[in-house]
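Listed here are the chains, written in short residue letters.
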Amino acid sequence: MKKNCTKLAMAFLIVLSLNSCATVFGGRVGECQRTQPAPGQPGRQIRVVALIADVILFWPGAIVDFATGAIYRPCDVKK
């Protein structure tokens, strides 16, 4: 019984640590979300709902979202 509880707790912690709302629910990350803007250009806008959800649910998810660029809104570039 103790082994099962330990395994369940470990699985829960792993799932919780990998939870990052913008990465999971945000769709594909575009090139403009991955690259930093050049000096003098406006900064990227952040998905506020995803940031709040990351902070409330589990804050390391915000680190994952910023590292992947998924926290930033997609660019509306039409060619």
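About the thresholds
Residues numbered from 1 in each chain as written. Predicted model: local features only at pLDDT ≥ 70, side-chain atom pairs only at ≥ 80, totals over all residues. Heavy atoms only, no water. Helix = DSSP H or I, 4+ residues; strand = E, 2+ residues; numbered from the N terminus. Contact = heavy atoms within 4.5 Å. Areas by Shrake-Rupley, 256 points an atom, 1.4 Å probe, with all protein chains shown as cover. Buried < 20%, exposed > 50% of the residue type's maximum accessible area, 1.4 Å probe, protein only. Core = buried A, V, L, I, M, F, W, Y, C linked by side-chain atoms within 4.5 Å. Phe/Tyr/Trp six-rings, centres within 6.5 Å; stacked < 30°, edge-to-face > 60°. Lys NZ or Arg CZ within 6 Å of the ring centre and 35° of its normal. Lys, Arg positive; Asp, Glu negative; His and termini not counted. Salt bridge = Lys/Arg side-chain N within 4 Å of Asp/Glu carboxyl O. pLDDT = per-residue confidence, 0-100.

Novice: Before we go on, may I ask you to explain the overall build of the chain in this structure?
Specialist: Along its length, the chain carries five helices and zero strands. Each helix and strand of the chain, placed in order from N terminus to C terminus, yields the pattern α-α-α-α-α. If you take every contact in the chain between residues at least 6 apart in sequence, the share linking residues at least 24 apart comes to 68%. Carbon and sulfur atoms make up 67% of the accessible area of the chain, which totals about 6,300 Å².

Novice: What am I meant to see in the environment of Gln45 here?
Specialist: Structurally, Gln45 is set in the loop between helix 3 (31-34) and helix 4 (48-57). A C-alpha to C-alpha distance of 9.2 Å links Gln45 and Cys75, two positions 30 residues apart in sequence. Ignoring anything within four residues of it in the chain, the contact list for Gln45 reads Ile71, Tyr72 and Arg73.

Novice: Hey, could you run me through helix 5 (residues 60-68) in this one?
Specialist: Residue pairs three or four apart in sequence face the same way in an α-helix, which turns once every 3.6 residues. Those residues of helix 5 not exposed but buried are Pro60, Gly61, Ala62 and Asp65. In this fold, the buried residues of helix 5 make contact with helix 2 (21-25) and helix 4.

Novice: Mind showing me how you'd approach the nonpolar core here?
Specialist: The nonpolar side chains of a soluble globular protein tend to be buried with one another. Ranked by size, the top nonpolar core spans five residues in total: Ala22, Ala50, Ala70, Ile71 and Tyr72. Each residue touching Ala22, except ones within four places of it in the same chain, is listed here: Gly27, Arg47, Ala50, Asp65, Ala70 and Ile71.

Novice: Honestly, the packing of aromatic side chains in this entry has me stumped. Any pointers?
Specialist: Here the distance between the centres and the angle between the planes together describe a pair of aromatic rings. In total, this model carries one aromatic pair according to the counting rule given. Summarising the aromatic geometry, the rings of Phe66 and Tyr72 are spaced 5.9 Å apart at their centres and angled 80° between planes, so their arrangement reads as edge-to-face. Looking at Phe66, the relative accessible area reads 35%, which means it is partly exposed. Taking the ring centre of Tyr72 as reference, the NZ or CZ of Arg44 above it sits at 3.9 Å.

Novice: Whenever I open this one, the side chain of Asp65 confuses me. Can you help?
Specialist: With respect to the helices, strands and loops of the structure, Asp65 is situated in helix 5. One buried charged residue, Asp65, remains without a salt bridge, the closest side chain of opposite sign being Arg47 at 7.8 Å.

Novice: What should I look at first to understand the side chain of Gln33 in this one?
Specialist: Summarising the element assignment, Gln33 is placed in helix 3. Dropping the residues within four chain positions of it, Gln33 is found in contact with Arg28, Arg44, Arg47, Gly69, Ala70, Tyr72, Arg73 and Pro74.

Novice: What am I meant to see in the confidence of the model for the chain here?
Specialist: Interpretation of this model should avoid reading the predicted coordinates in detail wherever pLDDT is low. Scored by pLDDT, the chain comes out at a mean of 81, with 89% of its residues at no less than 70. When pLDDT is averaged over each helix and strand of the chain, the minimum, 75, is found for helix 2 and the maximum, 85, for helix 4.

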